[in-house]
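What the coordinates show
Here is what each chain is made of, one letter per residue.
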Amino acid sequence: MEEKTLKDVADTVYYNKENAEFVNNDGFITMKNGCEEKRVLLHRLFPFDELDSYISVLDTDKNELGMILSLNDFEGESRIALESELARKYFVQKICRINEIKDRHGFTYWKVISDGGRALEFTLHDTYRSMFRIGDDRIIITDVDGNRYLIESISGLDGASYKKVELYL
């Protein structure tokens, strides 16, 4: 087995429209890099603050191949493929109102209204660990199925919704 040096590990390839092309290929994304084409995964390094910057490009074994510094470095089909893959991977329902939270045997059962007016129901296990503060006023919630929900502004919730969630903050 070949030993890697620090330089081999630390060197980062930065992808842009000159050295890489991305294509949506039947529900997954592939990268064309020269003559080589391979399926890749995308991972935002700062998923709450830098939505269009610092995106890691990984192979299917989750080894980093390189980095996209900005989606603005791409245009056309590549840009569309990158944006649609990131939107799919990082899809989050936004919660506007909390109708009910029931606490039973270590689980909480939520009934909420999304920003589109849809009624949603989901379950949390270990509620305190399932809620993650982003800054002072935003919260990401992950349910038992791995679905993510966002409360964009805790202070922006109506009084009744705030009272229901306040216990878990």
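Right above here is the structure, for reference.
Structural notes, computed from the coordinates. No experiment lies behind these values; they were computed from the predicted model shown.

With respect to the sheet that holds strand 11 (residues 138-142)
- Read across the sheet, six strands follow the order 9-8-7-12-11-10 without closing on themselves; strand pairing throughout is mixed. In this open sheet, the two edge strands, each paired with only one partner strand, are strand 9 (119-125) and strand 10 (131-134). Taking each pair of neighbouring strands and ignoring which way they run, the sheet shows an average axis angle of 35 degrees.
- Across four bridges, the pairing between strand 10 and strand 11 is antiparallel. Looking at the pairing, isoleucine 134 lines up with arginine 138 of strand 11.
- Relative to strand 7 (residues 93-104), helix 4 (residues 159-166) is tilted by about 50 degrees, and along the sheet it contacts strand 7, strand 8 (107-114) and strand 10.

Here we look at the sheet that holds strand 3 (residues 28-33)
- If you walk across this open sheet you meet the six strands as 1-6-5-4-3-2, and the pairing is mixed. Where the open sheet ends on each side, the last strands, each with one partner, are strand 1 (14-15) and strand 2 (21-25).
- Here strand 5 (residues 53-58) pairs with strand 6 (residues 64-70) via five bridges, running antiparallel. What sits directly across from leucine 58, in strand 6, is glutamate 64.
- Packed onto the sheet, helix 2 (residues 76-89) meets strand 2, strand 3, strand 4 (36-44), strand 5 and strand 6 and runs at close to 55 degrees relative to strand 2.

Considerations on the pairing of strand 11
- Between strand 10 and strand 11, which pair antiparallel and follow one another directly, the connecting turn spans three residues, one of which, glycine 135, has a positive phi of 75 degrees.
- Where strand 11 and strand 12 (residues 148-151) come together, four bridges link them in antiparallel fashion. Following the sheet pairing, threonine 142 is matched in strand 12 by arginine 148.
- Hairpin remark: strand 11 followed by strand 12, antiparallel, with five residues in the connecting loop; positive phi at glycine 146, about 90 degrees.

Remarks on the environment of leucine 42
- Among the secondary structure elements, leucine 42 is positioned in strand 4.
- Leucine 42 gets classed as buried once you look at its relative accessible area, which sits at 2%.
- Residues leucine 42 and leucine 86 lie 44 residues apart in sequence; the distance between their C-alpha atoms is 7.1 Å.
- Setting aside anything within four residues of it in sequence, one finds leucine 42 in contact with Ile29, Ile55, Ser56, Val57, Leu82, Glu85, Leu86, Lys89 and Tyr90.

Overview of the environment of phenylalanine 22
- Note that phenylalanine 22 resides in strand 2.
- Along the sequence, phenylalanine 22 and aspartate 115 sit 93 residues apart, while their C-alpha atoms lie 31 Å from each other.
- Apart from residues no more than four positions distant in its own chain, phenylalanine 22 is found in contact with Ile29, Thr30, Met31, Val40, Val57, Ile68, Phe74, Glu77, Ser78, Ala81 and Leu82.

Concerning the pattern of salt bridges
- Counted by the stated rule, this structure contains eight salt bridges.
- When the shortest N-O distance is used, the salt bridge between lysine 94 and glutamate 152 registers 3.7 Å. With a gap of 58 residues between them, lysine 94 in strand 7 and glutamate 152 in the loop between strand 12 and helix 4 connect regions that are remote in the sequence.
- Among the residues examined, lysine 94 registers a relative accessible area of 31% and is labelled partly exposed.
- Each of Glu100, Lys102 and Lys111 takes part in one network of salt bridges that share partners.

Here we look at the nonpolar core
- Membership of the largest hydrophobic core comes to 17 residues, with the highest contact counts inside it found for Ile95, Ile98, Trp110, Phe122, Met131, Ile141 and Ile151.
- For this core, the secondary-structure elements that each account for two or more residues are strand 7, strand 8, strand 9, strand 11 and strand 12.
- Beyond its immediate stretch of four places on either side in the chain, isoleucine 95 contacts Val112, Ile113, Ser114, Phe122, Ile141, Tyr149, Leu150 and Ile151.
- Core analysis: the second largest hydrophobic core is formed by 16 residues, Val40, Ile68, Leu71 and Tyr90 among them.

The rules behind each value
- Residues numbered from 1 in each chain as written.
- Predicted model: local features only at pLDDT ≥ 70, side-chain atom pairs only at ≥ 80, totals over all residues.
- Heavy atoms only, no water.
- Pairing = 2+ DSSP bridges.
- Helix = DSSP H or I, 4+ residues; strand = E, 2+ residues; numbered from the N terminus.
- Axes fitted to C-alpha atoms, helices over the stretch in contact; angles between N-to-C directions.
- Contact = heavy atoms within 4.5 Å.
- Buried < 20%, exposed > 50% of the residue type's maximum accessible area, 1.4 Å probe, protein only.
- Salt bridge = Lys/Arg side-chain N within 4 Å of Asp/Glu carboxyl O.
- Core = buried A, V, L, I, M, F, W, Y, C linked by side-chain atoms within 4.5 Å.

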